[in-house]
Amino acid sequence: MISLNGSSFLNNSLYGASRSFAHSQRRVSAPLVVTLSSNGRPRDRNVSVLMENTLKETRDGASVLDMDPESAVGGGVEDVYGEDRATEDQPVTPWTVSVASGYSLLRDPHHNKGLAFTEKERDVHYLCGLLPPVVVTQELQLKKLMHNLRQYEVPLQRYMAMMDLQERNERLFYKLLIDNVEELLPVVYTPTVGEACQKYGSILRRPQGLFISLKEKGKILEVLKNWPEKKIQVIVVTDGERILGLGDLGCQGMGIPVGKLSLYTALGGIRPSACLPVTIDVGTNNEKLLKDEFYIGLRRRRATGQEYAELLHEFMAAVKQNYGEKVLIQFEDFANHNAFDLLAKYGSTHLVFNDDIQGTASVVLAGLMAALKLVGGSLAEHTFLFLGAGEAGTGIAELIALEMSKQTQAPLEETRKKIWLVDSKGLIVSSRKESLQHFKKPWAHEHEHEPVKELVDAVKAIKPTVLIGSSGAGRTFTKEVVEAMASFNEKPIILALSNPTSQSECTAEEAYTWSEGRAIFASGSPFDPVEYEGKVYVSGQANNAYIFPGFGLGLIISGAIRVHDDMLLAASEALAAQVTQENFDKGLIYPPFTNIRKISAEIAAKVAAKAYELGLATRLPQPENLVAYAESCMYSPSYRSYR
């Protein structure tokens, strides 16, 4: 049981009884809240205890305790838990909240500290005998956990161990992830999360997030109200139709929203209680899953057309009604046709963001901006060729064209002509325009040659300086393709973005070997360093995790009500600026993840500044130092002291 104010839910007579009860108890500070049993009577020993501050943190000469919680932080969302104000160097809470004590406290992942409860806390909170006598620090717990995780040889086992930890001790989970982000990011997200989604029905132990299916049509608002947290700031939602490069995984796609929101907290500092993972289950067309006795979703073919649109519309309306105008809704792993339609339909009425289209575009543009410092020239002086013309490919292409237009003042229609796309039928050209899907038509350019079917022929015909793979088809950047890129580029830029690792267009080793060590290479999933002719090459990872956590934080701290393309450009510029000369010397076009929270704060500040500039921010007045403000709003996973 969690309550913020003892009198807020107890009537006068009951509160009076609780006060009398408080005076009769030893070792417990007033005010006191009594945890009620199902019949409304006080339980004998399950007394709530207070978690309160012993440090009065001041900012700008005033105590954070004196701030008005209605207008303080969180983009206008009332800061119920005070965690928006928590900073990493603040080990004691600047707020008061009551939590269940005793056995139930050990089963509460939000407040459980395991063996880190001090002897005083154990005595006061009825934990004596429920734990072994040793008292350890959070640092020792982290050391033990990393030792245990490294014993697992199978990545999925590490994933399951991390999910178990999240359900057992939330702060320790996030502290572990933040302190070991480069090692654990591939465990909690791509590539391991892909395998976890494929086997989700078999490994599911305790459901996470909200599952909204066609069965709930007409009552989605009621379903949202079943979620225990009421102040939600970020929702990541999927319908499971296009999970990474693995296709339709139906209801088992829940691993993606859960993983993304873990990164929102660990990398962007959004408090866990403000995050809501959602899976919309409209069925699946995956025959293997439909026949799998352990499948956890609806056993029917996917809903389409009006039935699908009505369910999604009800969901979007219910979210806005329940959580307000400023909740960020991130669409994740929808199929191409639905992804573009949803973004177009709700972009003007909701705060929506599609990470596959916009997040991928922003992180790739940042990598290209950084790469230009290695190869020279401006964006407009380069020619781009994409393998893959889906939501990722066209999203990246559009953002590159927008940035070119911004830099050169040329019309968008002109800058698009520097960008060519290849889909499953070959090079997209004007002669194919009538048969193309609407989102491919802007990329159908005039081409004097015969229809080009194969990628290698497109490379030889277009002679691009940059080759980008977003096809979801593994090993499509063949030796012939890479050698062709290297034949007319001194430093060919090759980005193999498809996830997971098995679907990457080529490996780092192949890119460096086939280009004779001259390629500037980055990928969507991580690869180990490569040694070629005595030199070690470290490839970058064009991971969306660089962008979306800081992007979301920027929207929240400014109280933005809509996402604008200029915010994406601002995020790209902020990320590119974080690449140091030391990184360039290693051939990297992205900064290391070890400093990701600082990077996220810089991105958040740029995004928030752009929101204020565009008149889309509602948190007024604008903070003077947005970077410092972003850092001050970040959730800290350090343990709190209970008394």
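Residues numbered from 1 in each chain as written. Predicted model: local features only at pLDDT ≥ 70, side-chain atom pairs only at ≥ 80, totals over all residues. Heavy atoms only, no water.

As recorded by an unreviewed UniProt entry, the chain carries the name Malic enzyme and is attributed to Davidia involucrata. If you open the UniProt record of the chain and go to Function (unreviewed entry), you find "The chloroplastic ME isoform decarboxylates malate shuttled from neighboring mesophyll cells. The CO(2) released is then refixed by ribulose-bisphosphate carboxylase. This pathway eliminates the photorespiratory loss of CO(2) that occurs in most plants." Quoted verbatim from the Sequence similarities (unreviewed entry) field of the UniProt record, the comment on the chain reads "Belongs to the malic enzymes family." (UniProt positions renumbered as here; feature names shortened; annotations may be inferred.)

Student: Got a sec to walk through the overall build of the chain? Specific residues and values, please.
Tutor: A count of helical and extended segments in the chain gives 25 helices and 21 strands. For the chain, the residues scored as buried account for 59% of the 643 residues in total. Within the chain, counting contacts between residues at least 6 apart in sequence, those at least 24 apart form 72% of the total. As displayed, the chain has an accessible area near 26,300 Å², and 49% of this comes from carbon and sulfur atoms. (Helix = DSSP H or I, 4+ residues; strand = E, 2+ residues; numbered from the N terminus. Buried < 20%, exposed > 50% of the residue type's maximum accessible area, 1.4 Å probe, protein only. Contact = heavy atoms within 4.5 Å. Areas by Shrake-Rupley, 256 points an atom, 1.4 Å probe, with all protein chains shown as cover.)

Student: Provide a residue-level description of the sheet that holds strand β13 (residues 384-387), including the pertinent values.
Tutor: The 7 strands are arranged β15-β14-β13-β16-β17-β18-β21 in an open sheet whose pairing can be described as mixed. Edge positions in the sheet fall to β15 (426-427) and β21 (540-541), since each has one partner strand and no second. Two strands pair when backbone bridges link them, and strand β17 (residues 493-496) and strand β18 (residues 520-523) are joined in this way by 4 bridges, in the parallel orientation. Looking across to β18, one finds that I493 is bridged to I520. (Pairing = 2+ DSSP bridges.)

Student: Which residues make up the UniProt feature "binding site: a divalent metal cation" (unreviewed entry) in the chain, and what values go with them?
Tutor: Here, the residues flagged by UniProt with the feature "binding site: a divalent metal cation" (unreviewed entry) are E332, D333 and D356. The named residues occupy 25 residues along the chain; their greatest pairwise C-alpha distance, 6.8 Å, places them in one compact cluster. Mapping E332 onto the fold places it in the loop between β11 (328-331) and α14 (336-346). Overall, E332 belongs to the buried group, its relative accessible area being 1%. When near neighbours in sequence (up to four residues on either side) are disregarded, E332 contacts Y189, V236, V237, T238, D239, I256, K260, D355 and D356. Tracing the chain through its elements places D333 in the loop between β11 and α14. A relative accessible area of 2% means that D333 is categorised as buried. The contacts of D333, once residues within four sequence positions are left out, are T238, D239, G240, E241, R242, I243, L244, I256 and D356.

Student: Before we move on, could you go through unusual backbone geometry and cite the residues and values that matter?
Tutor: Here N499 and P500 are connected by a cis peptide whose omega angle stands at -10 degrees. Assignment of secondary structure puts P500 in the loop between β17 and α20 (508-514). Cis geometry marks the peptide bond from L620 to P621; its omega dihedral reads 0 degrees. Here P621 shows up in the loop between α24 (596-613) and α25 (626-632). For Y126, which is not glycine, the phi dihedral falls at a positive 60 degrees. Looking at the secondary structure, you find Y126 in the loop between α3 (119-124) and α4 (138-149). Overall, Y126 belongs to the buried group, its relative accessible area being 14%.

Student: Give me the pattern of salt bridges: which residues, what numbers.
Tutor: Tallied over the full model, the rule gives 28 salt bridges. We note a salt bridge from D333 to R242, for which the minimum N-O separation is 3.4 Å. Of this pair, D333 sits in the loop between β11 and α14 while R242 is found in the loop between β9 (234-238) and α11 (255-268), placing the two residues 91 residues apart along the sequence. Here K610 makes a salt bridge to E613, at a shortest N to O gap of 3.3 Å. In this pair, K610 and E613 are both assigned in helix α24, 3 residues apart and thus about one turn of the helix distant. On the accessibility criterion, K610 (17% relative accessible area) is buried. Via salt bridges that share partners, R242, D333, D356 and E391 belong to a single interconnected network. (Salt bridge = Lys/Arg side-chain N within 4 Å of Asp/Glu carboxyl O.)

Student: So, the pairing of strand β16 (residues 466-469): which residues are in play, and what are the values?
Tutor: Residues V466 and I468 of β16 are buried on one face, and the alternating residues L467 and G469, pointing to the opposite face, are buried as well. As defined by bridge partners, β13 adjoins β16 across 4 bridges and the pair is classed as parallel. Its bridge partner being in β16, L387 is matched across the sheet by G469. Relative to β17, β16 runs parallel, the two being bridged by 4 bridges. Across the sheet, L467 pairs through a bridge with I494, a residue of β17. Regarding the hand of the β-α-β motif, the stretch spanning β16, helix α19 (residues 479-487) and β17 is right-handed. (Right-handed = clockwise from strand over helix to strand, strands pointing away.)

Student: So, the nonpolar core: which residues are in play, and what are the values?
Tutor: Within the largest apolar cluster, 124 residues are counted, with the highest numbers of intra-cluster contacts made by L368, I400, I419 and F551. In contact with I419, not counting residues within four places along its chain, are F384, F386, A397, I400, A401, M404, W443 and H445. (Core = buried A, V, L, I, M, F, W, Y, C linked by side-chain atoms within 4.5 Å.)

Student: Lay out the side chain of Q138 with the relevant residues and their values.
Tutor: Within the secondary structure, Q138 is located in helix α4. Judged by relative accessible area, which is 6%, Q138 ranks as buried. One polar contact links the side chain of Q138 to the main-chain carbonyl oxygen of P637, over a distance of 3.3 Å. Filtering out sequence-adjacent residues up to four positions away, Q138 remains in contact with R171, L172, K175, P637, S638 and Y639. (Polar contact = N/O pair within 3.5 Å; in protein donor to acceptor, adjacent residues only side chain to side chain.)

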